[in-house]
Amino acid sequence: MALFMDVHHMEGGVAVGDVAKAHMADLQEQDSHGVNYLKYWVNEAEGKIFCLVDAPDAEAANTVHREAHGLVADEIYEVSEGV
């Protein structure tokens, strides 16, 4: 498993409540793909969403988003956790 940070760019902003609902949908879908969505961050005014996910690969992480709610990431980066 690897750690990934994905980034979503939502034109016109985004409501944190909507992101919370999408995250819950991810949690319901993730086990079938061997993925674990850990945390997310939201900048409502700028329409930016950041998701931290433990996954076998970037495509598995994006598949969970696609199947859970259809909002796939615009960017996905493999990251290492700092101390």
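As the structure is a computational prediction, the values presented were derived from the model and not from experiment. (Residues numbered from 1 in each chain as written. Predicted model: local features only at pLDDT ≥ 70, side-chain atom pairs only at ≥ 80, totals over all residues. Heavy atoms only, no water.)

1. Quick word on the overall build of the protein
Next, step 1: A count of helical and extended segments in the protein gives two helices and four strands.
Next, step 2: Listing every helix and strand of the protein by position from the N terminus yields β-α-β-β-α-β.
Next, step 3: Over its C-alpha atoms the protein spans a radius of gyration of 12 Å, differing by no more than 12% from the 12 Å that the globule rule assigns to 83 residues.
Next, step 4: Here the C-alpha coordinates of the protein stretch approximately 35 × 30 × 20 Å along the principal axes.
Next, step 5: The burial tally for the protein puts 34% of its 83 residues in the buried class.
Next, step 6: A separation threshold of at least 6 residues defines the contact pool for the protein, and within that pool the share at least 24 residues apart is 68%.
Next, step 7: If you sum the accessible surface of the protein, you get close to 4900 Å²; carbon and sulfur atoms cover 51% of it.
Next, step 8: The centroid of the 4 positive side-chain charges in the protein is displaced by 6 Å from the centroid of its 16 negative side-chain charges. (Helix = DSSP H or I, 4+ residues; strand = E, 2+ residues; numbered from the N terminus. Rg over C-alpha atoms; globule rule 2.2 N^0.38 Å. Buried < 20%, exposed > 50% of the residue type's maximum accessible area, 1.4 Å probe, protein only. Contact = heavy atoms within 4.5 Å. Areas by Shrake-Rupley, 256 points an atom, 1.4 Å probe, with all protein chains shown as cover. Lys, Arg positive; Asp, Glu negative; His and termini not counted. Charge placed at Lys NZ, Arg CZ, Asp CG, Glu CD.)

2. Remarks on the sheet that holds strand 4 (residues 75-79)
Where strands meet in a sheet, backbone hydrogen bonds hold them as pairs that are either parallel or antiparallel.
Next, step 1: Taking strand neighbours across the sheet as the criterion, the four strands line up as 2-3-1-4 in an open arrangement whose pairing is antiparallel. One side of each edge strand has no neighbouring strand; the edge strands of this open sheet are strand 2 (36-43) and strand 4. On average, each strand axis in the sheet is inclined to that of its neighbour by 20°, with strand direction left out of account.
Next, step 2: Direction of pairing for strand 1 (residues 2-9) relative to strand 4: antiparallel, over a ladder of five bridges. When the bridges of strand 4 are listed, V7 appears paired with E75.
Next, step 3: Where helix 1 (residues 16-29) meets the sheet, its contacts fall on strand 2 and strand 3 (48-55), and the angle it forms with strand 2 comes to roughly 170°.
Next, step 4: Its contacts with the sheet place helix 2 (residues 58-68) against strand 1, strand 2, strand 3 and strand 4, and it is angled at close to 70° to strand 2. (Pairing = 2+ DSSP bridges. Axes fitted to C-alpha atoms, helices over the stretch in contact; angles between N-to-C directions.)

3. Description of the nonpolar core
Next, step 1: Ranked by internal contacts, the top residues of the largest apolar core, which has 13 residues, are F4, V35, Y37, I49, V53, A55 and A61.
Next, step 2: Looking at this core, the elements with two or more residues in it are strand 1, strand 3 and helix 2.
Next, step 3: A61 has contacts with V35, Y37, V53 and A55, leaving out every residue within four places of it along the chain. (Core = buried A, V, L, I, M, F, W, Y, C linked by side-chain atoms within 4.5 Å.)

4. Notes on helix 1
Next, step 1: Compared with an ideal rise of 1.5 Å per residue, which puts 14 residues at 20 Å, helix 1 spans 20 Å between its outermost C-alpha atoms and is within 8% of the ideal.
Next, step 2: Residues V19, A22, H23, A25 and D26 constitute the buried set of helix 1. With its buried residues spanning 160° around the axis, helix 1 presents them on a single face. In helix 1, the exposed positions angled more than 90 degrees off the buried face are occupied by K21 and Q28. (Expected span 1.5 Å × (residues − 1). Arc of directions from axis to C-beta.)

5. Some points on the environment of I49
Next, step 1: Looking at the secondary structure, you find I49 in strand 3.
Next, step 2: Spatially, the C-alpha atoms of I49 and E59 are 18 Å apart, while their sequence positions differ by 10 residues.
Next, step 3: Sequence-distant contacts of I49, that is, excluding residues within four places in its chain, are made with D6, V7, H8, M10, V14, V19 and W41.

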